[in-house]
Amino acid sequence: MARALARDPVETLLYAPEVVAHQLFDRQFAYQVEEDWGPSLHHVLGLEWPCLECSGYQQVWNRIEADLDEKGLSVGRWTYGEYSDADASLGAAVWCAVRHLSPATVVETGVARGVTSRLVLEAMSLNEGGHLWSVDLPHPLRPELHAETGAAVPEGLHDRWTYVRGSSRRRLPSLVAQLGQVDLFIHDSLHTGRNMRFEMGTVWPALRGGGVMLVDDVDNQSFADFLGRAGQPESLVLRAADGPWMFGMVRKPQRSAGT
Ligand SMILES: C[S@@+](CC[C@H](N)C(=O)[O-])C[C@H]1O[C@@H](n2cnc3c(N)ncnc32)[C@H](O)[C@@H]1O
């Protein structure tokens, strides 16, 4: 912690209240969970299931695993300190959201080795359109992991990608103001209730009607709180492919007041 303070005092001081609030206030919340991500997510998008995009997704997922393996990196839980790569269900939800909605502007928070970033960029490449902005603070306490940042994203996909280094607390509000409108938002950064509330509340007013937010690791109460404040838009809590973890999906109504 002392070394982190010396290296980056601003980000380290922003991190401290997250840790304290997490210890004091975050509790497990009993969400009603859909065990199979596919049918319900496609229903919310107004699309048929089974979905023809799934075989393309599987090929890309396999390539990501192979590419990371070649670099000596495995894909899974707790591979980047206490942070995890996207699981295969969140990955599929990201893939389908980009392929089906063809978003022009995607914002994500949390890159680590870049599994979700790669999926968005591969899907955009097939769509022949769109740009991804990724806000990411490389692990604040483990500088030896920083070289792994974005390892899953090959050079050939960088033209549609803007990596914004820094915490979402510092970087997200100005990015969203600059972009004006967001078509798809993916939260996968710091999963404290305080930070999740902050990110969802920052992006929601700029999310276009019909746009989607995917929110990883919704085990605390912040996703439910957010939905309440937003007037209970259509939403789902979906099960991860590799265990008891959950991620959320919320679709903004076509006409909606901000939170
Ligand atoms: C769960 S990992 C991201 C996994 C990635 N989406 C994937 O699928 O491979 C979380 C990432 O968010 C970063 N992070 C932690 N706190 C952050 C913050 N306050 N703002 C932005 N990024 C943060 C971590 O250092 C890490 O790179």
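So, a few notes on the structure that sits alongside this text. (Residues numbered from 1 in each chain as written. Predicted model: local features only at pLDDT ≥ 70, side-chain atom pairs only at ≥ 80, totals over all residues. Heavy atoms only, no water.)

With respect to the helices, strands and loops of the structure, His139 is situated in the loop between strand E2 (131-136) and strand E3 (161-165). Note on His139: relative accessible area 3%, which makes it buried. Each residue touching His139, except ones within four places of it in the same chain, is listed here: Tyr80, Gly81, Glu82, Tyr83, Leu145 and His146. (Helix = DSSP H or I, 4+ residues; strand = E, 2+ residues; numbered from the N terminus. Buried < 20%, exposed > 50% of the residue type's maximum accessible area, 1.4 Å probe, protein only. Contact = heavy atoms within 4.5 Å.)

Attention now goes to the site of the ligand. The ligand sits among 21 residues. The nearest are Thr116, Asp136, Leu137, Ser168 and Asp188. Within the backbone of Leu137, a nitrogen or oxygen atom sits 2.6 Å from an oxygen atom of the ligand. Compared with its free state, where it exposes 600 Å², the ligand has 98% of that area covered by protein. A breakdown of the residues in the shell around the ligand according to their chemical character gives 9 nonpolar, 9 polar and 3 charged. (Near = heavy atom within 4 Å. Polar contact = N/O pair within 3.5 Å; in protein donor to acceptor, adjacent residues only side chain to side chain. Areas by Shrake-Rupley, 256 points an atom, 1.4 Å probe, with all protein chains shown as cover. Nonpolar A, V, L, I, M, F, W, Y, C, P; charged D, E, K, R; others polar.)

Quick look at the pattern of salt bridges now. For the coordinates displayed, the defined rule picks out 15 salt bridges. Between Arg194 and Glu18 there is a salt bridge, and its shortest N-O distance comes to 2.8 Å. You can see Arg194 sitting in helix H8 (residues 193-203) and its partner Glu18 sitting in helix H2 (residues 9-25), a full 176 residues away along the chain. Asp85 serves as the salt-bridge partner of Arg113, at 3.0 Å between the closest nitrogen and oxygen. In this pair, Arg113 is assigned in the loop between strand E1 (105-109) and helix H6 (115-127) and Asp85 in the loop between helix H4 (53-70) and helix H5 (88-101), connecting sequence segments 28 residues apart. For the pair formed by Arg113 and Asp85, the shared burial category is buried. Residues joined in a network through salt bridges with shared partners are Arg63, Asp67, Arg118 and Glu122. (Salt bridge = Lys/Arg side-chain N within 4 Å of Asp/Glu carboxyl O.)

Counting residues in each nonpolar core, the largest one holds 43 residues, and the members touching the most others are Trp37, Leu41, Leu119, Val120, Leu184, Leu214 and Met249. Of all the elements in the fold, those that place two or more residues in this core are helix H3 (37-44), H4, H5, H6, strand E4 (182-187), strand E5 (207-216), strand E6 (235-239) and strand E7 (246-251). Ranked by the residues each element gives to this core, the list is headed by H5, at 9 residues. Residues Val107, Leu179, Ala230 and Val250 belong to the second largest nonpolar core, which totals 29 residues. (Core = buried A, V, L, I, M, F, W, Y, C linked by side-chain atoms within 4.5 Å.)

Turning next to the packing of aromatic side chains. Counted under the stated rule, the structure contains 9 aromatic pairs. Plain terms: the ring middles of Trp37 and Trp49 are 5.5 Å apart, the flat faces sit at 75° to each other, and that makes the pair edge-to-face. You can see Trp37 sitting in helix H3 and its partner Trp49 sitting in the loop between H3 and H4, a full 12 residues away along the chain. You can call Trp37 buried: its relative accessible area is 11%. With centroids separated by 5.3 Å and ring planes inclined at 85°, the aromatic side chains of Trp204 and Phe226 adopt a geometry described as edge-to-face. One end of the pair, Trp204, is in the loop between H8 and E5; the other, Phe226, is in helix H9 (residues 222-229), and 22 residues separate them in sequence. With respect to burial, Trp204 and Phe226 carry one shared label: buried. Members of the aromatic cluster, joined through ring pairs, are Phe29, Tyr31 and Phe223. Lying over the aromatic face of Trp245, Arg77 brings its terminal NZ or CZ to 4.0 Å of the ring centre. (Phe/Tyr/Trp six-rings, centres within 6.5 Å; stacked < 30°, edge-to-face > 60°. Lys NZ or Arg CZ within 6 Å of the ring centre and 35° of its normal.)

Let us look at a nonpolar patch on the surface. A cluster of nonpolar side chains, namely Val20, Leu24 and Phe25, defines an oily patch on the protein surface of about 320 Å² accessible area. Counting through the fold element by element, Val20 comes out in helix H2. (Patch = residues over 30% accessible without salt bridge, like charges linked within 9 Å, V, L, I, M, F, W, Y side chains within 5 Å.)

Buried within H9 we find Ser222, Phe223, Ala224, Phe226 and Leu227. As for H9, its buried residues are in contact with H8, E5, E6 and E7. One or two steps after H9, the chain reaches Gly231, where phi turns positive at roughly 85°.

Read these as layout, nothing more, since geometry by itself doesn't imply function.
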